[in-house]
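The lines below spell out each chain.
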Amino acid sequence: MSSHFNRRVGAVRPSHLMFTAGIGSLVDLPNFSVLIKGTDFWSHAGAATDYDIDEPRLRAAVNRSLQRYGRGRIEQLRAAPWLEGADTDPRGWAAQGVGVPVTPFPQWLRCTACNVLAAIDSGEFAFVNSNPRTPHEAKFVHGCKSKKPLAVAARFTLVCTDGHLDEFPYAPYVHHGQACGKVPRPKLRMKDHGGNQAANVTIECVACGAKRNIREAMGERGRRHLPRCRGRHPHLGMYEENGCDKDSVLMVAGASNQWFPLTLSALALPRARGGDIDKLLDDHWPELRTVENRGQLDFMANLPQFGFLKEFDADAVLAAITARKRGADGPAPSAPDVQADLFGPEWDALSGPVPPPGDDFALRQVPVPPPLGELFRDVRQVERLREARAMIGFTRLDAPDPESPEIASRVSLSRGAQNWVPASEVRGEGVFLRVRDDLMARWTARMEKSPQMEAHREAYARFRRNRKSDRMTSDFDPYQGWPGARYIALHTLSHLLIRTIALECGYNSASLAERIYAGDEQHPRTGILIYTAVPDSEGTLGGLVSLAEEREFGRIVRRALADAGHCSADPLCSERLPHDPDDYLHGAACHVCLFVSETTCERANRFLDRRFLVPLSGEGEQVLTPAGLLP
């Protein structure tokens with residue numbers, strides 16, 4: 001809660017603060033809503049001592065991404081502040097002083113009895129939060145009656161594409177931009193007339209009798225009745241110094257497009273798989289950035305103060321130094337590019353020699369069932385894994401899009417430079433599958449220039465052109481970021497298996513996640529990791545790992561391929577292929593046969609097509625799956 005009230009008003013999981021309602025977003029409480037404040041207001045004093053999430057690869061990736069926005073380097077990934085015992089001792093200092101700071105928003109409230117509309121600081125309403133053991137009962141009340149009826153948030157806000165959020169200007173709006181002719185600060189009333197045609201709410205000035213319906217501010221026509229954006233960031237408690245030249249858009253508080261997180265994630269890898277080198281560069285970058293060749297590195301390693309360099313592979317360290325300097329000197333990468341860079345070391349760890357098991361990563365090779373050997377080279381049980389996630393910003397109105405990262409404007413999490421960003425971690429398990437390299441190479445060579453794949457590629461270009469920002473003045477390549485045929489095949493196979501696992505074994509598909517290791521032309525990869533990504537016990541009970549056993553896995557794959565051959569939306573689904581002017585990014589795929597929840601898919605249910613795995617409408621020559629596995 002804000003420092004003025006200094007009360008607990010609820011609780012959320014750490015992952016909720018990353019993906020559902022993080023910094024800058026609104027959290028709906030039973031009686032009002034609050035806004036998560038920026039990291040400038042967070043305090044970890046007195047919080048748990050283990051709030052530091054140690055994941056060097058992710059920390060380095062965050063720094064590479066923040067470079068694009070001209071922000072300083074961070075040194076730490078921090079979990080949300082908390083203290084054990086706050087629930088059992090709600091009257092103690094821990095309950096009041098430790099937690100994620102929030103502030104009521106919108107700060108205009110309406111009495112549910114007399115319809116008075118006023119700001120929180122007007123003196124009309126009182127805040128009630130008397131029972132520390134039931135923080136969810138916190139509320140604002142109005143004194144118009146003896147029983148003090150509830151006051152609820154007036155749900156209208158203003159947002160813009162640059163990520164600003166502001167209160168709706170009720171008093172200027174009802175007076176058509178002028179001041180009230182009777183009193184300088186008039187009392188207002190808000191009357192909701194109901195109905196099913198959008199909002200039907202009238203704002204009335206009690207002093208002069210002026211009235212105006214909120215509908216006049218809605219839609220494209222309504223925007224001319226709204227003021228220009230003031231450039232307000234309430235999560236930072238500030239306005240943009242030079243204002244904002246964007247148009248304001250009326251939005252109901254809590255709308256799904258009011259806040260989208262920008263996040264990065266990385267798996268914790270064994271020490272021998274490159275994680276230590278990233279930390280080495282983070283800790284000693286001022287000294288190591290001067291290294292130009294192997295001779296300089298060897299000379300430095302022989303100095304007493306740099307003797308620790310002998311513990312690392314010199315060629316690997318030199319390559320990492322060169323890559324980081326290239327990134328520092330060249331154009332700053334976007335967040336999707338940085339996320340893709342994190343997959344390389346993960347692929348090496350998952351597909352390379354099986355390392356000794358550790359607390360954060362345990363891998364076990366299992367036999368590939370004989371019939372599936374034509375499709376898979378390796379099947380591995382990931383018995384333990386840890387995924388760290390960091391938040392680097394957020395957007396409003398326009399969602400961050402890996403295919404068009406330029407369309408959304410990132411909003412910072414703090415006023416100035418901070419040496420940390422919010423993070424969370426989950427532990428789980430998974431199954432890693434590696435498709436045969438020779439099979440994928442033959443299929444890719446055959447399909448790369450096929451009419452079907454060319455239709456997907458041209459649709460991707462149209463998608464990029466249609467979403468190209470008018471603010472862009474540099475060269476625009478509509479094919480930049482095209483994932484290629486290999487990715488589409490692996491992604492489709494991943495979705496088939498996820499849906500089958502959810503149906504066969506009772507796993508909720510929303511509790512599963514995927515990582516597709518397709519690489520690029522220089523570094524082709526052919527792997528899929530399906531893993532649990534939820535912060536509760538369902539992710540660590542061994543149910544997913546057990547599916548990789550020889551007897552179970554063969555049956556699941558065969559059922560997935562059999563189910564891919566038909567869809568209740570056929571023939572419409574099976575014949576779907578994007579052609580001009582279509583710009584959707586999937587072919588034979590829909591909610592019935594391939595789509596999964598947003599939390600599961602890494603590319604928003606794009607780049608999916610069943611025709612590349614099983615024959616549809618007699619198109620058998622273009623499938624990846626060997627004939628012996630087809631139903």
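Here the structure is a predicted model, which is why all the values come from computation and not from measurement.

Engineer: Let's hear about helix α11 (residues 451–466): which residues, and what values?
Structural biologist: With 16 residues, α11 extends 22 Å from end C-alpha to end C-alpha; this agrees with the ideal 22 Å at 1.5 Å per step. Within α11, the full set of buried residues consists of Q452, M453, A455, H456, A459, Y460, A461, R462, F463 and R464.

Engineer: Break down the state of the cysteines for me, citing the residues and quoting the values.
Structural biologist: Disulfides are covalent bonds that link the sulfur atoms of two cysteine residues. Enumeration over the complete set of coordinates arrives at 0 disulfides. Among the cysteines around C567, which has no disulfide bond, C590 carries the closest sulfur, lying 3.5 Å off. The exposure class of C567 is buried, given its relative accessible area of 9%.

Engineer: Give a description of the sheet that holds strand β2 (residues 33–36) that names residues and reports values.
Structural biologist: With antiparallel pairing, 3 strands are arranged side by side in an open sheet as β1-β2-β4. Whereas interior strands pair on both sides, the edge strands pair on one side only; in this sheet they are β1 (26–28) and β4 (102–104). Strand-to-strand twist across the sheet, computed as the mean angle between neighbouring axes with direction ignored, equals 35 degrees. Note that β1 and β2 share 3 bridges and pair antiparallel. Pairing of D28 across the sheet is with S33, part of β2.

Engineer: Provide a residue-level description of the nonpolar core, including the pertinent values.
Structural biologist: F376, V435, W443 and L497 are the most contacted members of the largest nonpolar core, which has 59 residues in total. Contributing elements (two or more residues each) for this core: β20 (376–395), β21 (420–435), α10 (437–447), α11, α12 (485–505), β22 (512–519), β23 (524–532) and α13 (550–564). Top element by residues in this core is α12. It accounts for 10 residues. Those residues within four positions of V435 in sequence are excluded, and the remaining contacts are L375, F376, R377, M440, L490, L493 and T526. Grouped together as the second largest cluster of nonpolar side chains are 30 residues, A138, A153, M391 and F394 included.

Engineer: Explain the packing of aromatic side chains to me, and be specific about the residues and the numbers.
Structural biologist: By the definition in use, this model includes 18 aromatic pairs. Ring geometry for F127 against F140: centres 5.1 Å apart, planes inclined by 50 degrees, an arrangement best described as tilted. Within this pair, whereas F127 is found in strand β7 (residues 125–128), its partner F140 is found in strand β8 (residues 139–142), the two being separated by 13 residues in sequence. The exposure class of F140 is buried, given its relative accessible area of 2%. Here Y487 and F607 contribute two aromatic rings whose centre-to-centre distance is 6.2 Å and whose plane-to-plane angle is 90 degrees, an arrangement assigned as edge-to-face. Highlighted residues: Y487 in helix α12 and F607 in the segment after α13, separated in sequence by 120 residues. For Y487, a relative accessible area of 5% translates into the label buried. Cluster of aromatic residues (ring-pair linked, three or more members): W108, F168, Y170 and Y173. The lysine or arginine in question, R457, covers the ring of Y479, its NZ or CZ lying 4.0 Å from the ring centre. When the ring centre of Y487 is taken as origin, the NZ or CZ atom of R603, which lies over that ring, is 5.2 Å away.

Engineer: How would you sum up the confidence of the model for the protein? Please name residues and give values.
Structural biologist: When pLDDT is averaged along the protein, the result is 85, and 89% of the positions lie at 70 or above. Below pLDDT 50 for its whole length, residues 1–5 participates in 16 contacts with residues either more than four positions away or in separate chains.

The rules behind the values
Residues numbered from 1 in each chain as written. Predicted model: local features only at pLDDT ≥ 70, side-chain atom pairs only at ≥ 80, totals over all residues. Heavy atoms only, no water. Helix = DSSP H or I, 4+ residues; strand = E, 2+ residues; numbered from the N terminus. Expected span 1.5 Å × (residues − 1). Buried < 20%, exposed > 50% of the residue type's maximum accessible area, 1.4 Å probe, protein only. Disulfide = S-S within 2.5 Å. Pairing = 2+ DSSP bridges. Axes fitted to C-alpha atoms, helices over the stretch in contact; angles between N-to-C directions. Core = buried A, V, L, I, M, F, W, Y, C linked by side-chain atoms within 4.5 Å. Contact = heavy atoms within 4.5 Å. Phe/Tyr/Trp six-rings, centres within 6.5 Å; stacked < 30°, edge-to-face > 60°. Lys NZ or Arg CZ within 6 Å of the ring centre and 35° of its normal. pLDDT = per-residue confidence, 0-100.

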